[in-house]
Amino acid sequence: MMQIKKLTLTHKKDLRVILEDFQLVLNDGDKAVIIGEEGNGKSTLLKWMYDPALTEDYIESTGERIIGKERLGYLPQELPEAEKTKTVYEYFYEKEKFWDQTPKDLAVLARKFGLTEEFFYRDQQMSELSGGEKVKAQMMRLLMEDATVLLLDEPSNDIDLATLELLEKLIREWEHIVVFISHDETLIENTANMVIHIEQIVRKTKSRYTVAKLPYRTYVEERLQNFERQEQKAQSDRREKALRDEKYRKVYQSVQNALNNCSRQAPSVAKNLKDKMHTVKAMNRRFEKEDARMTEMPEQEEAIYFQLGGAEAAMPAGKTVIEYRLPKLETPDGERVLAENITLKIRGPEKICIVGPNGAGKTTLLKKIATELKAREDLRVDYMPQNYEDQLDLSMTPVDFLDSTGEKSERTKIRTYLGSLKYTADEMDHPIRELSGGQKAKVLLLKMSLGNANVLILDEPTRNFSPLSGPVIRKMLREFPGAIISISHDRKYIGEVCGKEYLLEKDGLRLIREEK
């Protein structure tokens, strides 16, 4: 059993309360997903659960963590800087449990993740692995540690579809405790039997949390139904109050007018009217008590929304966006051929997705396509890389990064847009490095929106958005009037946004799905 008692987490910089008096009890078999909008503290909570010291630089915490005999294993959202320069072999051999594994154990574990036993002994730096290979390495080392509690921060990021299915199976069949964060709604729907929902309401001035022992889809549907019922009851109460108040106003006015017009020669009538006024005022006090118990309008954290691409982003149906030919796709160091005879043709506002196993070269290919298209003068191209740091200046604030003119009106417009994306005034002035992965992704999407690109090149565009924001992001991209070339393993994104799906294989790109 793992328990958290009366946990309160407060940002040191802006004194914003992320969680207040948070209570949680986890038992074997619990598969809890933490959900909430970007920047609400999901990763911070998971870090604190693993080791409160990991949050001390930016969080003030009070509360108690009881773990008993549980052994905690933690997969961070991003590989720590200290681990990036290690070779794959160094990354594994520094853990004692690695030496307890027999060659057969290592071979079985590697095959489970679609790798060979040779992977554990590579002299390649961890930073040079593909995004999916990094996650696989972390997961394999975690499983060697014999943990009983798995704390997983975005384990579904960057892994291929086969590994996603393996991850689903691992979580479902885990006999102990799993707490995870994921953007992948399909993964959540197929695994979670408990929901921890962190919200920031009243313009991010008030924290609220919900712990529900329900599957994710059931939780979302019941929550929506409860909100609708509460809203209908609150509206009904307010209509009844308006009618009651109008009747009361007429009675009060009638008695008051009678008192004002009462003759001094009719003291008994005046006394009766004063008694009646006393009764009317007593009635008003009773109404005030009833109003205090009236059903409140439900407060919920609204999902983000803004338009991606206006009329200028529209792509003519007959325009050739790209006719791409690449005889040979090699690793960045040129030491290995990944694929050959690659061809890709896109016309008009097509939206395509490239899929394939980790290490197949999808990101390398997308970078090459981006370089070629960005050199074109007849297209306006924006590129969202897998690693946001390739495009963001982490030392700048979101406002400074997005501001291209320095004019007051431009900065005001940017702040308005950021506000619509649920940034607080304080967060707008934080360095980008202090923002969550989802908030960084929002900055890049907003830059695209302000730039009126008609071609978007997106490497895992939904990877850092919460499942609550996911449907909104997919709607924005589906309605984008230009062309989209993307990589994704997000099954809902692929199905809802992309009209064509290509598989990257050794002998090129193969069309595996096309909407008719």
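Going by the annotation in an unreviewed UniProt entry, the name recorded for the protein is ABC-F family ATP-binding cassette domain-containing protein, with Fusicatenibacter saccharivorans given as the source organism.

Chemist: Looking at this structure, I do not really get the overall build of the protein. What am I missing?
Modeler: Per the secondary structure count, the protein includes 16 helices and 17 strands. With the principal axes as the frame, the protein shows a C-alpha extent of 110 × 65 × 45 Å. Per-residue burial for the protein yields a buried fraction of 49% across its 516 residues. Here the analysis covers contacts within the protein between residues at least 6 apart in sequence; of these, 71% occur between residues at least 24 apart. Split by element, the accessible area of the protein, about 25100 Å² in all, is 48% carbon and sulfur.

Chemist: Looking at this structure, how should I read the state of the cysteines?
Modeler: The term disulfide refers to a covalent linkage connecting the sulfur atoms of a pair of cysteines. Following the criterion strictly, the structure yields zero disulfides and no others. Here C353 is not cross-linked by a disulfide; its sulfur's nearest cysteine counterpart is in C498, at 4.5 Å. Looking at C353, the relative accessible area reads 0%, which means it is buried.

Chemist: Help me understand the nonpolar core in this model?
Modeler: One broad trend across soluble globular proteins is that nonpolar side chains are buried collectively. Counting residues in each nonpolar core, the largest one holds 42 residues, and the members touching the most others are F92, F120 and F180. For this core, the element with the highest residue contribution is helix α5 (residues 131-144), accounting for six residues. The contact partners of F180, leaving out residues within four places of it in the chain, are A32, V33, I34, L152, I171, L187, I188, T191 and A192. Of all hydrophobic cores here, the second largest spans 39 residues; its members include Y388, L444, L446 and V497.

Chemist: Help me understand the packing of helix α4 (residues 103-112) against α5 in this model?
Modeler: The angle between the axes and the distance between the axes are what describe a pair of packed helices. It is the contact of α4 with α5, at a shortest axis distance of 11 Å, that shows an interaxial angle of 140 degrees. On the basis of the axis angle, α4 is oblique to α5. Helix-helix and strand crossings are classified by hand; for α4 and α5 the assignment is right-handed. Contacts between α4 and α5 involve L106, L109 and A110 from the former and M140, L143 and M144 from the latter. Within the contact of α4 with α5, the residues separate by chemical class into six nonpolar, no polar and no charged.

Chemist: Looking at this structure, I do not really get the sheet that holds strand β15 (residues 483-487). What am I missing?
Modeler: Note on sheets: strands pair through backbone hydrogen bonds, and any given pair is parallel or antiparallel. Pairing within the open sheet is mixed, and its six strands lie in the order β13-β14-β15-β12-β16-β17. Only two strands of the sheet have a single partner each, and these edge strands are β13 (381-384) and β17 (508-514). The mean inter-strand angle of the sheet, taken between neighbouring strand axes irrespective of direction, is 20 degrees. When strand β14 (residues 455-459) meets β15, the two strands line up parallel, connected through five bridges. Looking at β15, one finds that D459 is bridged to I487. Sheet strands in contact with helix α10 (residues 362-374) are β12 (351-355), β13, β14, β15, β16 (500-505) and β17, and its direction is about 160 degrees off that of β14.

Chemist: Please explain the sheet that holds strand β3 (residues 31-35) as it appears in this structure.
Modeler: An order of β5-β6-β7-β3-β8-β9 is seen for the six strands of this open sheet, with the pairing classed as mixed. The two strands at the open ends of the sheet, each matched to only one other strand, are β5 (72-75) and β9 (206-212). The mean inter-strand angle of the sheet, taken between neighbouring strand axes irrespective of direction, is 15 degrees. Bridge count between β3 and strand β7 (residues 177-181): three bridges; the pairing is parallel. What sits directly across from V33, in β7, is F180. Taken strand by strand, helix α6 (residues 161-173) contacts β3, β6 (149-153) and β7, and its axis lies near 120 degrees from that of β3.

Chemist: Even after reading the chapter, I still don't get the packing of aromatic side chains, so can you show me in this structure?
Modeler: Each aromatic ring pair is characterised by the separation of its centres together with the angle its planes make. Considering all chains together, one arrives at 15 aromatic pairs under this definition. With a centroid separation of 6.5 Å and an interplanar angle of 45 degrees, the aromatic rings of Y93 and W99 are classed as tilted. The exposure class assigned to Y93 is partly exposed, which follows from its relative accessible area of 34%. Both rings, one in F98 and one in F120, keep their centres 6.3 Å apart while their planes meet at 45 degrees; by these two values the pair is tilted. Of the two residues, F98 sits in the loop between α3 (88-93) and α4 while F120 sits in the loop between α4 and α5, which places them 22 residues apart along the sequence.

Chemist: Help me out: how do you make sense of the environment of T44 in this one?
Modeler: Summarising the element assignment, T44 is placed in helix α1 (residues 42-50). Spatially, the C-alpha atom of T44 lies 8.5 Å from that of I59, the residues being 15 residues apart in sequence. Apart from the residues lying within four places of it in its own chain, the contact partners of T44 are L9, T55, Y58 and I59.

Chemist: Which parts of the structure should I look at to understand a positive patch on the surface?
Modeler: A contiguous patch of positive charge, built from K281, R285, K289 and R293, is present on the exposed surface. Mapped onto the secondary structure, K281 falls in helix α9 (residues 267-292).

Scoring rules and cut-offs
Residues numbered from 1 in each chain as written. Predicted model: local features only at pLDDT ≥ 70, side-chain atom pairs only at ≥ 80, totals over all residues. Heavy atoms only, no water. Helix = DSSP H or I, 4+ residues; strand = E, 2+ residues; numbered from the N terminus. Buried < 20%, exposed > 50% of the residue type's maximum accessible area, 1.4 Å probe, protein only. Contact = heavy atoms within 4.5 Å. Areas by Shrake-Rupley, 256 points an atom, 1.4 Å probe, with all protein chains shown as cover. Disulfide = S-S within 2.5 Å. Core = buried A, V, L, I, M, F, W, Y, C linked by side-chain atoms within 4.5 Å. Axes fitted to C-alpha atoms, helices over the stretch in contact; angles between N-to-C directions. Parallel < 35°, antiparallel > 145°, perpendicular 65-115°, else oblique. Left-handed = near helix turned anticlockwise from the far one by under 90°. Nonpolar A, V, L, I, M, F, W, Y, C, P; charged D, E, K, R; others polar. Pairing = 2+ DSSP bridges. Phe/Tyr/Trp six-rings, centres within 6.5 Å; stacked < 30°, edge-to-face > 60°. Patch = residues over 30% accessible without salt bridge, like charges linked within 9 Å, V, L, I, M, F, W, Y side chains within 5 Å. Salt bridge = Lys/Arg side-chain N within 4 Å of Asp/Glu carboxyl O. Lys, Arg positive; Asp, Glu negative; His and termini not counted. Charge placed at Lys NZ, Arg CZ, Asp CG, Glu CD.

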